[in-house]
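If you want the building blocks of each chain, they are given just below.
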Amino acid sequence: MGRGRTATLADRLAVVRGRVLPRHVALIMDGNGRWAQARGLPRMEGHRQGVKAAEHLVRFVGEEHLCPHLSLFAFSTENWNRPPDEVAFLFALLERFIREREEEFVERGVCLRVLGAVEALPPPLRRAIAEVEERTQDGDALHLAVGINFGGRWSILQGARRAVSLAREGKLDQLDEEAFARLLPTADLPEPDLIVRTGEERRISNFYLWEAAYAELYFTATLWPDFDEEAFLVALEDFQGRRRRFGGVAA
Ligand code: IPE
Ligand code: IPE
Ligand code: MG
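Visitor: How would you sum up the packing of helix α3 (residues 43–63) against helix α8 (residues 229–240)? Please name residues and give values.
Guide: Direction vectors running N to C along α3 and α8 enclose 55°, while the axes themselves pass 10 Å from each other. With respect to α8, the element α3 is oriented oblique. When the axes of α3 and α8 are compared, the crossing they make is right-handed. In this structure, α3 contributes Leu 57, Phe 60 and Val 61 to the contact, and α8 contributes Glu 229, Phe 232 and Leu 233. The class makeup of the residues in the contact of α3 with α8 is 5 nonpolar, no polar and 1 charged.

Okay, here's the thing in C-alpha cells:
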C-alpha cells in the first residue's frame, strides 16, 4: 500500500470515528465460490481466501474500535445442501480458524461466541468452539459472534421452545417483545445496526430475522475474499449517511 493511500484511509477513518458508529455490524460473507471461479480455481480456494479476509477484518475492527459487536455469518442451516466434501471442508476451515486465532483473541480481548445448532457439527469443531469460547469469555475489546449452522428461523424457534417450556413450568408470566428477545440465542447481543452482504445478492438468506427489524441493509457486489478494510469503511460511511427513524419522524 502506498503512502498516499494509507493517509487517505487514515483520514477517512478519523472522519468515520467522529460520527455515530454502529454498536453491532453483521456481515453476510458471500461470494467465495465466485471469487475462485473467476480465477479458474476450485471453490475451496475461495473459502480459504474468505477466511483470510475475515481474519483481517476482525483484526481491523478490533484494533480501530469501529464497533463493539461484530457478527459473521459463516454457515447457514441451508448450507447443508452443498456437496458433502464442501461442507466438510468448511467445517475443517472453521475449526482451524478458531484454533489458530485463539491466542490472538485472548491477547487482544476478543470474546468469541458461536451462534447456531452446534450439536449437529463434527465433534472436533464443537470442541474447538467450546474451548475457545471458554478461554475468551472475558474479552471486552470486541464481541465476535460467528454463525455456524445458524438460521434466523432456527433462532426464533429456539426462543419459542424456551417460552413453551418456561410456560409449562409456570415460570412465564408475560410474553412481550422484550421478554421474547431475552429467550433468543442472540439475547446478549444488541440488535444489528448494520447488516452488510457481499457478493451481489440482495437477500438475508435466513440470517438475523427478528434482530434485523430496524437494521440498515448494505449490499455490495464485492466478493467476500476482496472485502478489505477500505470496503468496510465504505459500508460505514454509507451507514453514517442513513437517516434512521424507527417508525418516527425525522428529527
Ligand atoms: C460464502 O460464499 C461462504 C458460505 C456461504 C459458506 P459462497 O460459497 O456462497 O460463494 P458463492 O455464493 O458460491 O460465490
Ligand atoms: C449466505 O450465503 C450464507 C452465508 C454467508 C453463511 P449463501 O451463498 O448460502 O446464500 P444463498 O444460497 O445465495 O441465498
Ligand atoms: Mg453464496
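Visitor: Give me the site of ligand 1: which residues, what numbers.
Guide: Neighbouring ligand 1 are the residues Met 29, Asp 30, Gly 31, Asn 32, Gly 33, Arg 34, Arg 43, His 47, Ala 74, Asn 79, Arg 82 and Leu 90. Here an oxygen atom of ligand 1 sits 3.1 Å away from a polar atom, N or O, in the main chain of Asn 32. A distance of 2.7 Å separates an oxygen atom of ligand 1 from a polar side-chain atom of Arg 34. For ligand 1, whose unbound accessible area comes to 380 Å², protein coverage reaches 86%. When atoms are counted within 2 Å of each cavity's grid points, the one that captures over half of ligand 1 is the largest pocket. Mapped onto the shell around ligand 1, the elements with two or more residues apiece are α2 (32–37) and α3. Top contributing element to the shell around ligand 1 by residue count: α2, with 3 residues.

Visitor: Mind laying out the nonpolar core, listing which residues take part and the relevant values?
Guide: Grouped together as the largest cluster of nonpolar side chains are 49 residues, with contacts concentrated most on Leu 27, Leu 70, Ile 148 and Phe 232. With near-sequence residues (within four places) excluded, Leu 70 lies in contact with His 24, Val 25, Leu 27, Val 58, Val 61, Leu 142, His 143, Leu 144 and Ala 145. The next biggest cluster of nonpolar side chains, apart from the first, holds 14 residues, and it includes Ala 26, Phe 73, Ala 117 and Leu 189.

Visitor: How would you summarise the environment of Val 110 if you had to cite specific residues and measurements?
Guide: In this structure, Val 110 sits in strand β3 (residues 110–115). Residue class for Val 110 comes out buried when judged on its relative accessible area of 5%. Discounting residues that sit within four places of it in the chain, Val 110 has contacts with Phe 105, Thr 136, Gly 139, Leu 142 and Leu 144.

Visitor: Explain the site of ligand 2 to me, and be specific about the residues and the numbers.
Guide: Near ligand 2 the following residues occur: Ile 28, Met 29, Asp 30, Phe 73, Ala 74, Phe 75, Ser 76, Asn 79, Arg 82, Arg 197, Arg 203 and Ser 205. Contact distances for ligand 2 include 2.8 Å between an oxygen atom and a side-chain N or O atom of Asn 79. Note that an oxygen atom of ligand 2 is positioned 3.2 Å from one of the side-chain N or O atoms of Arg 197. Protein contacts shield 79% of the accessible area of ligand 2, which totals 390 Å² for the unbound molecule. Of all the cavities here, the one that holds ligand 2 is the largest pocket. No other element matches the 4 residues that strand β2 (residues 69–76) contributes to the shell around ligand 2. Class assignment for the residues of the shell around ligand 2 results in 5 nonpolar, 3 polar and 4 charged.

Here is what the cut-offs are and how they apply
- Residues numbered from 1 in each chain as written.
- Chains lettered and ligands numbered in written order.
- Predicted model: local features only at pLDDT ≥ 70, side-chain atom pairs only at ≥ 80, totals over all residues.
- Heavy atoms only, no water.
- Axes fitted to C-alpha atoms, helices over the stretch in contact; angles between N-to-C directions.
- Helix = DSSP H or I, 4+ residues; strand = E, 2+ residues; numbered from the N terminus.
- Parallel < 35°, antiparallel > 145°, perpendicular 65-115°, else oblique.
- Left-handed = near helix turned anticlockwise from the far one by under 90°.
- Contact = heavy atoms within 4.5 Å.
- Nonpolar A, V, L, I, M, F, W, Y, C, P; charged D, E, K, R; others polar.
- Near = heavy atom within 4 Å.
- Polar contact = N/O pair within 3.5 Å; in protein donor to acceptor, adjacent residues only side chain to side chain.
- Areas by Shrake-Rupley, 256 points an atom, 1.4 Å probe, with all protein chains shown as cover.
- 1 Å grid on protein atoms, 1.4 Å probe; cavity = no way out; pocket = protein on both sides within 12 Å on 5 of 7 lines; lining within 4 Å.
- Sits in = over half its atoms within 2 Å of the grid points.
- Core = buried A, V, L, I, M, F, W, Y, C linked by side-chain atoms within 4.5 Å.
- Buried < 20%, exposed > 50% of the residue type's maximum accessible area, 1.4 Å probe, protein only.

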